[in-house]
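Each chain is listed here by its residues.
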Amino acid sequence: MIRRPNQNRSIIVLVAPAFIFVLVFFVLPLIFLLSQSVLPGDGGFTLTGYADFFESRVSRIVYLRTLKIGLIVTGISVLMSYPAAFLLARMPARRRSFLMLLVILPLMTNAVARTFAWLIILGKRGMINQTLMSLGLVETPVRFMYTETAIVLGLTQLFLPLMVLPLVSAMENIPDDVLEAARSLGANRLTTFVRIVVPLSSDGLVLGATLVFTGSVTAFVTPAILGGSRLLMMSTLLRQKSVAIFDQQAAAVIAVVMILTTLAVNLLLRVGRVRQV
């Protein structure tokens, strides 16, 4: 098919606004951030900022903690979302629409409000401690706040819908005939789910896992409230370097490390998907 010059111009005109938007608000800031991490104020290219980051014991602990929490939240979200998404995808349209609205509803509320709700649940005088003490199971309040467990709970509740939605979208495209054929050949429900549903919904899994992991390692409000100032994550450490210490190069290094980490996890997920297929 040969395109005429007028058609090519029309395509360029239509694509140009999106290209300019991505260039100005995404590519250029990334270039500026990268240059700030390797070009200190006195000029000259240097990687000492990255060397200082990985040589610092505090930075390594914070990075590993962030990576661990991000992977835990992503894993929990996958385990919880797959059965729910499968049931939602196989429901009648009217019932599915109502339940999908309930799934999306938390996304319509402010992240700060949702995180502060965990204070009422996990605090020293929160619902869990009050229940445990009233039942006589503990004599003093249990410390739930300012722990990694609290951060994991808050982030899972925050980003779980971002895993459910891509999985439901992917599973809706799986024909019922394929599942029926698997059962007719002797596969039970578990085998059908593992051997048929999971591979065919791998696109949704990659997208959802990327969104959840990226959101978990870059979230600021939830770790700051539920983790406090002592249990730092990469996002809170970045704020500390940028606002409290005014070390912009160190803050840029942290931001670049976060970006590269999320890209690496996404690449690993895609490689795993290709090998599975």
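This text goes with the structure placed above it.
Read on for a plain summary of the structure. Everything quoted here is computed from the prediction, not taken from an experiment. Along each chain, residues carry numbers from 1 onward, in the same order as the chain's sequence is written. Only residues with pLDDT of at least 70 are given local features in this predicted model, and only at 80 or more are side-chain atom pairs given and counted; all residues enter the totals for whole chains, interfaces and linings. As a convention, hydrogens and water are excluded, and side-chain values are obtained from all of the structure's heavy atoms.

1. Describing helix α4 (residues 93-104)
- Secondary structure elements are defined from DSSP: runs of H or I of at least 4 residues count as helices, runs of E of at least 2 residues count as strands, and each element is numbered from the N terminus. Helix span is expected to be 1.5 Å times the residue number reduced by one. In this model α4 runs 16 Å from its N-terminal to its C-terminal C-alpha over 12 residues, within 8% of the 16 Å that 1.5 Å per residue would give.
- Any residue under 20% of the maximum accessible area for its type is buried, any over 50% is exposed, and the rest in between are partly exposed; the area is computed with a 1.4 Å probe on protein chains only. Those residues of α4 that sit buried are Arg 96, Met 100 and Val 103. Seen end-on, α4 carries its buried residues on one side only, within an arc spanning 50°. Along α4, the residues that are exposed and aim more than 90 degrees away from the buried face are Arg 94 and Arg 95. What the arc measures is the spread of directions leading from the helix axis to the C-beta atoms.

2. Some words on the nonpolar core
- Ranked by size, the top nonpolar core spans 35 residues in total, and within it Ile 69, Ile 151, Leu 155, Met 171 and Leu 226 carry the most contacts.
- Among the secondary structure elements, those contributing two or more residues to this core are α3 (57-89), α4, α5 (111-122), α7 (148-171), α9 (189-200), α10 (202-218) and α11 (221-227).
- Per-element accounting of this core gives the leading share, 11 residues, to α7.
- Between two residues, a contact is recorded if the distance between any of their heavy atoms is within 4.5 Å. Residues contacting Ile 69, with those up to four places away along its chain left out, are Glu 148, Ile 151, Val 152, Leu 155 and Met 233.
- One finds Val 38, Met 234, Ala 252 and Val 253 within the second-largest nonpolar core, a separate group that totals 16 residues. We call a set of buried Ala, Val, Leu, Ile, Met, Phe, Trp, Tyr and Cys residues a nonpolar core when their side-chain atoms join them within 4.5 Å.

3. Side note on the packing of aromatic side chains
- Between the rings of Phe, Tyr and Trp (Trp by its six-membered ring), a pair exists once the centres lie within 6.5 Å; its type follows the angle of the planes, with under 30 degrees stacked, over 60 edge-to-face, and the other angles tilted. All chains considered together, the criterion is met by six aromatic pairs.
- Aromatic pair Phe 21 and Phe 25: ring centres 4.9 Å apart, planes at 40°, arrangement tilted. On the criterion of helical spacing, the pair formed by Phe 21 and Phe 25 is a turn pair, its members being four residues apart in helix α1 (residues 5-38).
- For Phe 21, a relative accessible area of 53% gives the class exposed.
- Where Phe 53 meets Phe 54, the ring centres are 4.9 Å apart and the plane angle is 90°; that geometry is what we call edge-to-face.

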